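Residues per chain, in single letters:
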Amino acid sequence: MTCASPIDHERVVAYWTADLPASEVAAIEDHLFGCAACTRNAEAIARIVQVFRAEPPPVISHADVERLRAAGVAIVENAFAPGARTPVVFVHEADLLVHHLAGLPLADAERVEVIVSAESDPRVMFHEPFAPFDRERGEVLIACQRHFELLGPPDVVFDVRVHAPSRPPVELRYRVPHEYPRQR
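Below: a short report on this structure. Since we're looking at a predicted model, the values are computed, not measured. (Residues numbered from 1 in each chain as written. Predicted model: local features only at pLDDT ≥ 70, side-chain atom pairs only at ≥ 80, totals over all residues. Heavy atoms only, no water.)

### Details of the overall build of the chain
Across its full length, the chain carries five helices and nine strands. Counting helices and strands in the order they occur from the N terminus, the chain gives α-α-α-β-α-β-β-β-β-β-β-α-β-β. Per-residue burial over the chain gives 36% buried out of 184 residues. Long-range pairs, those at least 24 residues apart, make up 65% of the contacts in the chain between residues at least 6 apart in sequence. When the accessible area of the chain is evaluated, it comes to approximately 10,600 Å², of which 57% is carbon and sulfur surface. (Helix = DSSP H or I, 4+ residues; strand = E, 2+ residues; numbered from the N terminus. Buried < 20%, exposed > 50% of the residue type's maximum accessible area, 1.4 Å probe, protein only. Contact = heavy atoms within 4.5 Å. Areas by Shrake-Rupley, 256 points an atom, 1.4 Å probe, with all protein chains shown as cover.)

Next up, the structure:
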């Protein structure tokens, strides 16, 4: 069975991510109530959206890491110094890599900004203007998930800007190429 006037993909995604005005939500729900074809499509999109909602954000805290570990997530942690180009391998046994971006001057930081791009393509893939940070350890934690392999290039660059009231922002760069071994 097909639909004579299917709801376009972008509107269904916006519906499931709560990015539509109430008037459009009501119209989509009315359509889905009477259209099996669009309901099947909307359910498939909902499953994808739920996966992304369940995943941790790209920048996380130590408490987030402990909650994930307690929930049974297999985590491999790596430490990185600014300026170095340090490759990592996303081993089969890991569900999540946690990158400790260390060496940050956070003693007087009021906020930390994280920008993720690639060496091969400088367009911003992710930008978090208010990233959680660990002042005492001088680090920011990045959660790298296996499905990122499908979403972006392997030559990841993390630019971290530390904003403090007494000085101009300090920017440090971490080059972390990712390798994903073939599935067994």
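### Brief notes about the packing of aromatic side chains
As enumerated under the stated definition, the model contains one aromatic pair in all. Aromatic side chains Tyr15 and Trp16 sit 5.0 Å apart centroid to centroid with 75° between the ring planes, which places their arrangement in the edge-to-face category. A relative accessible area of 16% places Tyr15 in the buried class. Given the relative accessible area of 27%, Trp16 is considered partly exposed. (Phe/Tyr/Trp six-rings, centres within 6.5 Å; stacked < 30°, edge-to-face > 60°.)

### Comments concerning helix 1 (residues 9-16)
Of all the positions in helix 1, only Val12, Ala14 and Tyr15 are classed as buried. The buried residues of helix 1 occupy an angular sector of 160° when projected down its axis, which confines them to one face. N-cap assignment for helix 1: the residue whose side-chain oxygen lies 3.2 Å from the backbone N of Glu10 is Asp8. Just downstream of helix 1, Ala18 is the residue with a positive phi angle, here 60°. (Arc of directions from axis to C-beta. Polar contact = N/O pair within 3.5 Å; in protein donor to acceptor, adjacent residues only side chain to side chain.)

### Some thoughts on the sheet that holds strand 2 (residues 75-80)
With respect to topology, four strands assemble into an open sheet ordered 1-7-4-2, the strand pairing being mixed. Only two strands of the sheet have a single partner each, and these edge strands are strand 1 (59-60) and strand 2. Relative to strand 7 (residues 140-145), strand 1 runs antiparallel, the two being bridged by two bridges. Looking across to strand 7, one finds that Val59 is bridged to Ile142. Strand contacts of helix 4 (residues 62-70): strand 1, strand 2, strand 4 (96-101) and strand 7, with the helix running at about 155° to strand 2, the strand carrying the most contacts. (Pairing = 2+ DSSP bridges. Axes fitted to C-alpha atoms, helices over the stretch in contact; angles between N-to-C directions.)

### Some thoughts on the pairing of strand 4
On a regular strand, each side chain points to the face opposite its neighbour's, so the side chains alternate between the two faces of the sheet. The element strand 4 is extensively covered by neighbouring structure, given that six of its six residues are classed as buried. Side-chain alternation along strand 4 places Leu96, Val98 and His100 on one buried face and Leu97, His99 and Leu101 on a second face that is also buried. For strand 2 and strand 4, the ladder comprises six bridges, and the chain directions are parallel. The partner of Asn78 across the bridge, within strand 4, is His99. Where strand 4 meets strand 7, six bridges bridge the pair, whose relative direction is antiparallel. When the bridges of strand 7 are listed, Leu96 appears paired with Gln145.

### Section: the sheet that holds strand 3 (residues 88-89)
Two modes of strand pairing occur in sheets, parallel and antiparallel, and in both the strands are linked by backbone hydrogen bonds. The strand order across the open sheet built from five strands is 3-9-8-5-6, with neighbouring strands paired in mixed fashion. On the outer flanks of this sheet lie strand 3 and strand 6 (121-128), each paired with one strand and no other.

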